[in-house]
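Residues per chain are reported as follows:
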Amino acid sequence: MNFLVLVKQVPDTEKVKIDPISGTMVREGLDVTMNPLDSHALELAVSLKEKLNGSVTVLSMGPMNTIDVLRDAIALGADRAILLSDSALAGSDTWATSLALAKAIEKLNIAFDLMICGEKSTDGETGQVGIELATLLNLPVVTYVSELIELGSNFVLVKRSIEDAHEVWKAPLPACLCVLKSVAEPRLPTLAGKKTAMDAKIEIYDTESIGINREEVGLKGSPTRVVKVFNTKIARNCRIYADKDILEGIERVVGLIKAVRDGEVG
């Protein structure tokens, strides 16, 4: 049984800056790490590999420093690591990203029974790439997967979380799962795993290698983009009631509550 895990490198900091002209994230000079939810997806794949045999391939798209994240994935149990890196890919939105990943999977003949990705990334928060990629590859996809119940030779049975309840879904293989952190708890890398990762070959491909037109990716190929970036401004006009004015303050609060109740204040 073969598994494909999508991983993304994200800034290992909350001090993220956005380029006001291009509307894209400024990644230069930032420490990066594996997207947290992707680490849960990777752990699920590795644990399944250990039970069922097979292999785990990790696929990512990003700048060259993503290699460090892919080595981390190998240290945690992945067998093969593939990186798409090209200046033409910079600024890709979720659709352009999914298109490039789909082309890579098809061009490189990456065989898999189950594709697993995190629900979303901490930098984009869209939760769209897994769904779009599954659509491009004509795969059944289940989102918000909180537990893998059973994996058979030709099906997968999962629990899907929805607000205050859950659903049980069964999908034929090959399929795509977009998982939550509850599916598996990431392990720590072993010394042997780190040694393996240091010597591992990271396969690197550009747009020409995967046969995709440079006009289809990056900012040029993205149907959506950030057109304006600004910081929110919070303004409060406060009045403090103290000592002899407390009763007046209470009366004002009660009046506001009644006004909201009666629909006089939105």
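Refer to the structure above for everything that follows.
Per chain, the residues get numbers from 1 upward, laid out in the order the sequence is written. Where totals are concerned, whole chains, interfaces and linings use all residues; where local detail is concerned, this predicted model gives features only for residues with pLDDT of at least 70, and gives and counts side-chain atom pairs only at 80 or more. As a rule here, side-chain values cover all heavy atoms of the structure and leave hydrogens and water aside.

1. Concerning the overall build of the chain
- Counting secondary structure elements, the chain contains 7 helices and 13 strands.
- Here the globule rule reads 2.2 Å times residues to the power 0.38, and the radius of gyration is calculated from C-alpha atoms. Computed over its C-alpha atoms, the radius of gyration of the chain comes to 23 Å, more than 25% above the 18 Å expected for a compact globule of 266 residues.
- Each principal axis of the C-alpha atoms in the chain carries an extent, and together these give about 75 × 45 × 40 Å.
- Between two residues, a contact is recorded if the distance between any of their heavy atoms is within 4.5 Å. Restricting the contact set of the chain to residue pairs at least 6 apart, pairs at least 24 apart contribute 69%.
- For the chain, the accessible surface area stands at approximately 15600 Å², while carbon and sulfur atoms represent 52% of it.
- Just so you know, the count uses Lys and Arg for positive and Asp and Glu for negative, and it drops His and the chain ends. Where a charge lies is defined by one atom per residue type, namely NZ (Lys), CZ (Arg), CG (Asp) and CD (Glu). Distance between charge centroids for the chain: 2 Å, based on 30 positive and 37 negative side chains. Starting at the N terminus, helices and strands are each numbered in turn, a helix being any DSSP run of H or I of at least four residues and a strand any DSSP run of E of at least two. The protein chains shown are the only cover counted for residues, whose accessible areas, like all others here, come from Shrake-Rupley with a 1.4 Å probe.

2. Observations regarding the packing of aromatic side chains
- A pair of Phe, Tyr and Trp rings is counted when the ring centres sit within 6.5 Å of each other, with Trp represented by its six-membered ring. The angle between the planes then sorts it: under 30 degrees is stacked, over 60 is edge-to-face, the rest tilted. Under the counting rule described, the total for this entry stands at 0 aromatic pairs.
- The criterion for a charge sitting over a ring is simple: Lys NZ or Arg CZ within 6 Å of the ring centre, and within 35 degrees of the ring normal. Positioned over the ring face of F155 is K170, at 4.6 Å from the centre of the ring.

3. Quick look at unusual backbone geometry
- With an omega of 0°, the peptide bond between L173 and P174 qualifies as cis.
- Turning to its location among the elements, P174 is positioned in the loop between β11 (165-172) and β12 (175-179).
- Notably, Y144 is not glycine yet its phi reads approximately 55°, a positive angle.
- Within the secondary structure layout, Y144 lies in strand β9 (residues 141-151).

4. What about the nonpolar core?
- By size, the foremost hydrophobic cluster in this structure holds 40 residues, and its most contacted members are L42, V58, L114, L148, V156 and L177.
- Residue types Ala, Val, Leu, Ile, Met, Phe, Trp, Tyr and Cys, when buried and joined through side-chain atoms within 4.5 Å, form a set referred to as a nonpolar core. Relative accessibility decides the category of a residue: with a 1.4 Å probe and only protein chains considered, values under 20% of the type maximum give buried, values over 50% give exposed, and everything between is partly exposed. Membership of the second largest hydrophobic core comes to 27 residues, among which are A100, L101, C117 and L137.

5. Comments concerning the packing of helix α3 (residues 94-107) against helix α4 (residues 129-136)
- Interaxial distance between α3 and α4 falls to 9 Å at its minimum, and their mutual angle equals 45°. Our classification of the angle between α3 and α4 gives oblique. Considering the relative orientation of α3 and α4, their crossing is right-handed. For the pair α3 and α4, contact is made by T94, W95, T97, S98, L99, L101, A102, I105 and E106 and by V129, E132, L133 and L136, respectively.
- Split by residue class, the contact of α3 with α4 holds 8 nonpolar, 3 polar and 2 charged. In this analysis an axis means a line fitted to C-alpha atoms, helices contributing only their contacting stretch, and an angle means the value between N-to-C directions, from 0 to 180 degrees. If an angle is under 35 degrees, it is roughly parallel; if it is over 145, roughly antiparallel; if it lies from 65 to 115, roughly perpendicular; otherwise it is oblique. Each crossing gets its handedness from the near helix: less than a right angle anticlockwise from the far helix is left-handed, clockwise is right-handed. Under the scheme applied, nonpolar residues are Ala, Val, Leu, Ile, Met, Phe, Trp, Tyr, Cys and Pro; charged residues are Asp, Glu, Lys and Arg; polar residues are all the others, including Gly.

6. Here we look at the pattern of salt bridges
- Salt bridge, as used here: a side-chain nitrogen of Lys or Arg that lies within 4 Å of a carboxyl oxygen of Asp or Glu. For the structure shown, the criterion picks out 10 salt bridges.
- Between D79 and K49 there is a salt bridge, and its shortest N-O distance comes to 3.3 Å. With D79 in the loop between α2 (66-75) and β7 (80-84) and K49 in helix α1 (residues 36-52), this pair connects stretches of sequence that are 30 residues apart.
- Across the pair E203 and R80 runs a salt bridge whose closest N-O atoms are separated by 2.7 Å. One end of the pair, E203, is in strand β13 (residues 202-205); the other, R80, is in strand β7, with 123 residues separating them in the sequence.
- Classification of R80 as partly exposed rests on a relative accessible area of 26%.

7. Description of the sheet that holds strand β10 (residues 155-162)
- What the 9 strands build is an open sheet, ordered β11-β10-β9-β12-β8-β1-β6-β7-β13; its pairing is mixed. Of all the strands in the sheet, just β11 and β13 have a single pairing partner and so form its edges. On average, adjacent strands in this sheet sit at an angle of 30° to one another, irrespective of strand direction.
- Note: strand β1 (residues 2-6) against strand β8 (residues 114-118), 4 bridges, orientation parallel. Note: two strands are recorded as paired if DSSP finds a minimum of 2 bridges between them.

8. Focus: the packing of α2 against helix α5 (residues 191-199)
- Interhelical geometry of α2 versus α5 gives an angle of 135° and a closest axis separation of 7 Å. By the criterion of interaxial angle, the relationship of α2 to α5 is oblique. The interaxial crossing formed by α2 with α5 has right-handed handedness. In this structure, α2 contributes R71, I74 and A75 to the contact, and α5 contributes G193, K194, T196, A197 and M198.
- Grouping the constituent residues of the contact of α2 with α5 by class yields 4 nonpolar, 2 polar and 2 charged.

9. Focus on a nonpolar patch on the surface
- The residues that make up patches have over 30% relative accessible area and no salt bridge, and they are joined within 9 Å when like-charged or within 5 Å when they are Val, Leu, Ile, Met, Phe, Trp or Tyr. On the surface, I246, L247, I250 and V254 cluster together into a nonpolar patch covering about 360 Å² of accessible area.
- Residue L247 is classed as exposed on the basis of its relative accessible area, which comes to 62%.

10. Describing the pairing of β1
- Most of β1 sits out of view: 4 of its 5 residues are buried.
- Examined bridge by bridge, β1 and strand β6 (residues 55-61) share 5 bridges and lie parallel to one another. Paired with L6 across the strands is L59, a residue of β6.

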